[in-house]
Amino acid sequence: MRRPQRRAPIGRSLHARAERYGPRGETSRVASLTSRERAGLRSVALAPRLYGAAADLTMLSLPARCLLRPPRRPLPAPSRRGSSRPGRRWLLSTPIFYVNGPPHIGHLYSALLADALHRHRGLLGPGPGRLATGTDEHGLKIQQAAAAAGTSPSELCAHVSGLFRDLFSRAAVSFTDFIRTTEPRHRRAVQCFWAALQGRGLLYKDFYEGWYCTPDECFLTQGQITERPDAQGRPCKVSLESGHQVHWTKEENYMFKLSEFQEPLRKWLQGNQHVISPEPFYQVVLRWLEEDLPDLSVSRERSRLQWGIPVPGDSTQTIYVWVDALVNYLTVAGYPDAHHAWWPAAHHVVGKDILKFHAIYWPALLMAVGLDPPEQIYVHSHWTVHGQKMSKSLGNVVDPVACFKQYTVDGFRYFLLRQGVPERDCDYYEEKVIKLVNSELADALGGLLNRCTAPSINPSGIYPHFSESCFRKGSDHMDVEASGRALAEDYELVASVDCLPLQVTDYFEHFQIYKALESVVACVRQTNGFFQRHAPWKLCRDNPAEKCWLDTVLHVTLECLRIYGILLQPVIPATADKLLSRLGIKPEERAFTDLTFLPRYHGKPCPFEGRRLGPDTGALFPRLETPRRRQLEIKGLRP
Ligand code: MSP
């Protein structure tokens, strides 16, 4: 369903390089149906992109309604996006986290988004993928935090970096590399990168003065600051964007000729309309590029900042922490010796507060050393707590480890990814997590599994047989006679679950994981409706006709659950494993190529039919309780 288009020519000079970032060939999704599709015929046109050659294409059913969803922005050409193509490499990254304080749920969210994308792509088929995360350990902020804590910067870094690493391991973030910017491999990469900038004549020394914001580690222009009273009511200059205090600074720095990249950056963005998702953030960056783009200070005087990588050949200067930090993406790719296999297959997940660094400074720095900008920048918004920004001073910073204890790892992963909408800030509070997780994981999904595997309903404990005569592959399923015992709603269920894998993949590729989960939940609810409608517990096993239908209802339900289990693996890996194991699905049967739903309905053999279910290891997901403390608060019995 894609129209290939020509790519822009490749040039060598700076401006020719910009040309190279020109139109990469947009495609449009076919919104109107062909007559074949209208007739409800099965189409596999999208399948090779998503499933690779290994998929059994004939079994991928795409009912017409799958194609009816209105297009958002047109899908990008597979040549740049669609990292799901077999054999394609991807290098996903989280931002690297400052070590001036312990991790909170906002940090975890960044990491979980990247993890879910990474796991999802891993399931799509062969194609080497990496997921890098780590800690950002240099800079004034860390130097000051260590001094305030009465410890050395290196001790502080080792301790807090360990907290992040432990958190991500506990959260099942499937990182393949954890980089610390204090590692020798990174120091070498940064110094080589600096030498490359210098070698191309893109650095110069100058006296620089302006407002510096240490918490954000950046210089700000007069227009980016405002005045607010501090805690003591004294007037104080703060960053308009972050609200953090700024200080006037004047020193001799190295400057990067960022202004020379305004036009190349514009061309790159205009030619790659999907490079920044969601789309509103892309527009934000374009607007930034309409304003002045002054040169960027890329070093600090060593007398002020000792905790950082020295400028090669100039012991009076330390490399600016953001240049140091951004180069981490190259370090993990193997820069300066072995990055060509992985660069520019970089896909960065970043919070909206650091968009300018990733969408302007970083691509410009890369172009400056002759490297391509990243392939994709996924941007997310922030978590607030009870409607307020998280901050140490408000004492409302939420500890993710405490959340895991309260809601379980998968429960909290599910909450953040299901409720987190990248386009806008989202609010966390306890009742919301409990309500969502109980209703969707414990009741809807867990309840369904429990009901259709209960010994009272399925005493033999096998994946029962599907009967074509009970559930006919109907052309006219309004005719009960013709369709056995299946009703029109049952056919709707089959159509919905048939569509689901493509929908989910499309949502993942558009960085709308919450929507992918929404569509899975809608199907889970539809399946519960199916089960309830046919009340298999009322059917008599001793009557052969009833048994046939009972088995078919169970078979369809188990098939639905199998599809949901596979699709949920990137988000709730442990729960999905429990679900699939209970169904008796082997680990090697859980890839996206195994997403052929209800093959028996399509006249194909089903490998699971007649197979023994896995052992019952208890409820799929425990119902969460509102803590007694909160119950009292809600009833107004506790302040
Ligand atoms: N060290 C820099 C990133 C350098 S990447 C080359 C940094 N670190 S950070 O620790 O402050 O933030 C890391 C990530 O956490 C950012 O993507 C940021 O947006 C995210 N979050 C910080 N607070 C957040 C929320 N309250 N909610 C969601 N994410 C937030 O910036």
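Up top is the structure these notes are about.
Residues numbered from 1 in each chain as written. Predicted model: local features only at pLDDT ≥ 70, side-chain atom pairs only at ≥ 80, totals over all residues. Heavy atoms only, no water.

1. Brief notes about the packing of helix H4 (residues 105–124) against helix H14 (residues 409–419)
Here comes step 1: As a packed pair, H4 and H14 sit with axes 10 Å apart at the nearest point and diverge in direction by 90°. Between H4 and H14, the angle is such that the two are roughly perpendicular. Every residue of H14 that contacts H4 at Ile105, Leu108, Tyr109, Leu112, Leu113, Asp115, Ala116 and Arg119 is listed here: Phe412, Arg413, Leu416 and Leu417.
Here comes step 2: Class assignment of the residues belonging to the contact of H4 with H14 gives a composition of nine nonpolar, no polar and three charged. (Axes fitted to C-alpha atoms, helices over the stretch in contact; angles between N-to-C directions. Helix = DSSP H or I, 4+ residues; strand = E, 2+ residues; numbered from the N terminus. Parallel < 35°, antiparallel > 145°, perpendicular 65-115°, else oblique. Contact = heavy atoms within 4.5 Å. Nonpolar A, V, L, I, M, F, W, Y, C, P; charged D, E, K, R; others polar.)

2. A few points about the environment of Asn396
Here comes step 1: Here Asn396 is to be found in the loop between strand S18 (388–389) and helix H13 (400–407).
Here comes step 2: Sequence spacing of Asn396 and His386 is ten residues, and the spatial spacing of their C-alpha atoms is 9.0 Å.
Here comes step 3: Excluding residues that lie within four positions of it along the chain, Asn396 makes contacts with Val385, Gln388, Lys389, Met390 and Ser391.
Here comes step 4: In terms of polar contacts, Asn396 uses its side chain to reach the backbone carbonyl oxygen of Lys389, at 3.0 Å.
Here comes step 5: Among the polar contacts listed, one links the side chain of Asn396 to the backbone nitrogen of Ser391, at a separation of 2.8 Å. (Polar contact = N/O pair within 3.5 Å; in protein donor to acceptor, adjacent residues only side chain to side chain.)

3. Structural notes on the pattern of salt bridges
Here comes step 1: Applying the stated rule across the entire model yields 26 salt bridges.
Here comes step 2: Of the charged contacts, one joins Arg185 and Glu183 as a salt bridge, the two residues approaching to 2.8 Å between their closest N and O atoms.
Here comes step 3: The salt bridge involving Glu227 is made with Lys237; its shortest N-O contact spans 3.0 Å. Placement of the pair is Glu227 in strand S7 (residues 225–229) and Lys237 in strand S8 (residues 235–239), with a sequence separation of ten residues.
Here comes step 4: Owing to a relative accessible area of 48%, Glu227 belongs among the partly exposed residues under this scheme.
Here comes step 5: Three or more residues joined by partner-sharing salt bridges are found here, namely Arg418, Glu440, Glu518 and Arg525. (Salt bridge = Lys/Arg side-chain N within 4 Å of Asp/Glu carboxyl O. Buried < 20%, exposed > 50% of the residue type's maximum accessible area, 1.4 Å probe, protein only.)

4. Description of the pairing of strand S5 (residues 203–213)
Here comes step 1: Alignment of S5 against strand S9 (residues 247–256), held across ten bridges, turns out to be antiparallel. Across the sheet, residue Trp211 finds its bridge partner in S9, namely Trp248.
Here comes step 2: Alignment of S5 against strand S6 (residues 218–220), held across three bridges, turns out to be antiparallel. Residue Trp211 lies in a different strand from S6, and its bridge partner there is Leu220.
Here comes step 3: Between S5 and S6, which pair antiparallel in sequence order, lie four residues; one of them, Glu217, sits at a positive phi of approximately 50°. (Pairing = 2+ DSSP bridges.)

5. Quick look at the nonpolar core
The tendency in soluble globular proteins is for nonpolar side chains to be buried as a group.
Here comes step 1: The biggest cluster of nonpolar side chains holds 114 residues, and the ones touching the most others in it are Phe412, Tyr428, Phe471 and Tyr564.
Here comes step 2: Apart from the residues lying within four places of it in its own chain, the contact partners of Tyr564 are Leu445, Leu493, Val497, Leu500, Val520, Cys523, Val524 and Thr527.
Here comes step 3: Val190, Trp194, Phe256 and Phe261 belong to the second largest nonpolar core, which has 74 residues in total. (Core = buried A, V, L, I, M, F, W, Y, C linked by side-chain atoms within 4.5 Å.)

6. Concerning the packing of helix H15 (residues 430–453) against helix H17 (residues 513–534)
Here comes step 1: Two numbers describe how H15 lies on H17: the axes approach to 10 Å, and their chain directions differ by 40°. Considering the angle they form, H15 stands oblique to H17. The handedness of the crossing between H15 and H17 comes out as left-handed. On H17, the residues that touch Ser439, Glu440, Ala444, Leu445, Leu448, Arg451 and Cys452 of H15 are Val521, Val524, Arg525, Thr527, Asn528, Phe531 and Gln532. (Left-handed = near helix turned anticlockwise from the far one by under 90°.)

7. Here we look at helix H6 (residues 153–170)
Here comes step 1: Across its 18 residues, H6 extends 25 Å between first and last C-alpha, which sits within 8% of the 26 Å expected from 1.5 Å per residue.
Here comes step 2: Within H6, the full set of buried residues consists of Leu156, Cys157, Val160, Ser161, Phe164, Leu167 and Phe168. For H6, the buried positions fall inside an angular range of 120° around the axis, keeping them on one side. Exposed side of H6, more than 90 degrees from the buried face: Glu155, His159 and Asp166 are the residues found there.
Here comes step 3: Directly after H6, the chain includes Ala172, whose backbone phi takes a positive value near 65°. (Expected span 1.5 Å × (residues − 1). Arc of directions from axis to C-beta.)

8. Examining the site of the ligand
Here comes step 1: With respect to spatial proximity, 24 residues lie near the ligand, and among them Ile96, Asp136, Gly351, Asp353 and Trp383 are the closest.
Here comes step 2: Within the side chain of His107, a nitrogen or oxygen atom sits 3.4 Å from an oxygen atom of the ligand.
Here comes step 3: At a separation of 2.9 Å, a nitrogen atom of the ligand approaches a polar backbone atom of Trp383.
Here comes step 4: Those elements that provide at least two residues to the shell around the ligand are strand S2 (97–98), H4, helix H10 (321–326), helix H11 (328–331) and strand S15 (346–351).
Here comes step 5: When its residues are assigned to classes, the shell around the ligand shows twelve nonpolar, ten polar and two charged. (Near = heavy atom within 4 Å.)

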